[in-house]
Amino acid sequence: MLSLRIIASVAALFAALNPQLALASCATQETQPSNIRRTNDYLISVAGASALDAWAVGSTNLGDGISPSRLLLEHFDGTLWSVVTPPHSLYNAYFTGVSARASNDVWAVGTERAGTFGRPLNEHWDGTMWKVIDGPTMRSEDYVETSGISMNPSDANDVWAVGTILSKDYGPIYSFAEHWNGGTWSPSDVGSVPGVQLFGVSTLSDGEAWAVGSNTCTRGCFLTPIIAHWDGTQWNRSQGAFQRRGILNAVAGTSAQDVWAVGSWAPIAGKPEHVVIEHFDGQSWKIVPSPDPGEGAELTSVTAASPTDAWATGSYPAPFSSNATLAFLEHWNGKSWKVVLAPSSETFSSANGIVDASGSVIAVGDSLPDSTFQGFLFTTFGFTAHC
């Protein structure tokens, strides 16, 4: 296991070797989830109404690589993480996203497997307890994987969740979206183009929403990024800043003139990917220069508090290592993106989710004590950051 001092030194050296990796003057502190020493736990998303009230979701299993997943739900009180028992202990179920509007209004989404197929899983926290809320009725032969959720910060009755539908015969995949209107979840048509997957969504206070993902095909082509926009009436495809060999994993916005999307792209087909950040200013999407740790780096989550305060997180290959990776963050100060070193002390780590909860950034992820992958010994970690 690498010590925190070694990781900081290696990352700083890597930044010195790559001048574009300017370091931001931000303080980070590790906040270990309560299950930090349990094996094969994954935290994939985090949301918080404040720095003293955050939720993280993911999955856990026996760690043998074949056992079915179970729901993992944790709460952060500003100091400590604690495991919270979901309203049911489902096997073959996992959380993939969480969104919080207030301390008594939090949604978590995921997938519940029924036999060999899956259906959307929606759970709501009302400040006292978690409850399962039935989603839209889906075809029994489809596998629906919900990937992301976002609540309108000004309207509890405006919530979007997105994902992917896999058909029974393993044919083309399709995008999936569902909307909560305060009483029921209803499916929404995002377009019937085959091959489209949606991974992230952001609901704005004016009722608009943005969703991002990728488009795949069966032969002879590569992943291409997808951006969709909800104008209050229908979903429409939006022209992004780059169109080839890439994927967008997450999106976040503060207004119709300030929306960020992050992911990765490959300059040359078949080569390792690099990080990419796009911004929408109300008129068009543009690529914004950002620190790139190098080949194989990827951004998986983004959060925005204001036009001068946004964060993205992901992982990059550790310098001088053949297969280890390190978690990292990037911060937008209104002028440029800069790297923030993540205080994870494992040799293989990835920061999967991040949220700006009232000025305090909270991030979660998973890590391995070594890079051999033997025993699937993933554990979870969390940290906070301030600039």
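See the structure above.
Residues numbered from 1 in each chain as written. Predicted model: local features only at pLDDT ≥ 70, side-chain atom pairs only at ≥ 80, totals over all residues. Heavy atoms only, no water.

Caption draft 1: Molecular detail of the overall build of the chain. For the chain, the count of helices and strands is one helix and 28 strands. Across the 387 residues in the chain, those meeting the buried criterion constitute 55%. In the chain, 49% of the contacts between residues at least 6 apart in sequence involve partners at least 24 apart. (Helix = DSSP H or I, 4+ residues; strand = E, 2+ residues; numbered from the N terminus. Buried < 20%, exposed > 50% of the residue type's maximum accessible area, 1.4 Å probe, protein only. Contact = heavy atoms within 4.5 Å.)

Caption draft 2: Region of the structure containing the packing of aromatic side chains. Tallied over the entire structure, the rule returns 18 aromatic pairs. Put simply, the rings of Trp-55, Trp-125 and Trp-130 touch in pairs and so form one group of aromatic residues. (Phe/Tyr/Trp six-rings, centres within 6.5 Å; stacked < 30°, edge-to-face > 60°.)

Caption draft 3: Broad picture of the sheet that holds strand β2 (residues 41-50). An order of β2-β3-β4-β5 is seen for the four strands of this open sheet, with the pairing classed as antiparallel. Because the sheet does not close on itself, it has two edges, and the strands there are β2 and β5 (81-83). Strand-to-strand twist of the sheet, defined as the mean angle between neighbouring strand axes without regard to direction, takes the value 25 degrees. Across seven bridges, the pairing between strand β3 (residues 53-60) and strand β4 (residues 70-76) is antiparallel. Considered in β4, the bridge of Ser-59 is made with Leu-71. (Pairing = 2+ DSSP bridges. Axes fitted to C-alpha atoms, helices over the stretch in contact; angles between N-to-C directions.)

Caption draft 4: Molecular detail of the pattern of salt bridges. All told, the structure shown has four salt bridges when counted by the stated rule. When the shortest N-O distance is used, the salt bridge between Asp-105 and Arg-101 registers 2.9 Å. According to the relative accessible area criterion, Arg-101 is partly exposed, its value standing at 32%. One salt bridge in this structure joins Asp-126 and Lys-131, with 3.8 Å as the shortest N-O distance. Judged by its relative accessible area of 29%, Asp-126 is partly exposed. (Salt bridge = Lys/Arg side-chain N within 4 Å of Asp/Glu carboxyl O.)

Caption draft 5: Spotlight on the nonpolar core. Within the largest apolar cluster, 18 residues are counted, with the highest numbers of intra-cluster contacts made by Trp-260, Val-262, Leu-299, Val-302 and Trp-337. Of all the elements in the fold, those that place two or more residues in this core are β18 (246-255), β19 (258-265), β20 (274-280), β22 (298-306), β23 (309-317) and β24 (325-332). (Core = buried A, V, L, I, M, F, W, Y, C linked by side-chain atoms within 4.5 Å.)

Caption draft 6: Structural view of the side chain of Asp-105. Note that Asp-105 resides in strand β7 (residues 105-114). Overall, Asp-105 belongs to the buried group, its relative accessible area being 6%. Side chain to side chain, Asp-105 and His-124 meet in a polar contact 2.8 Å long. Sequence-distant contacts of Asp-105, defined by excluding residues within four places in its chain, comprise Ser-99, Ala-100, His-124, Trp-125, Met-151 and Ala-156. (Polar contact = N/O pair within 3.5 Å; in protein donor to acceptor, adjacent residues only side chain to side chain.)

Functional significance is not addressed by these values, which are geometric in nature.
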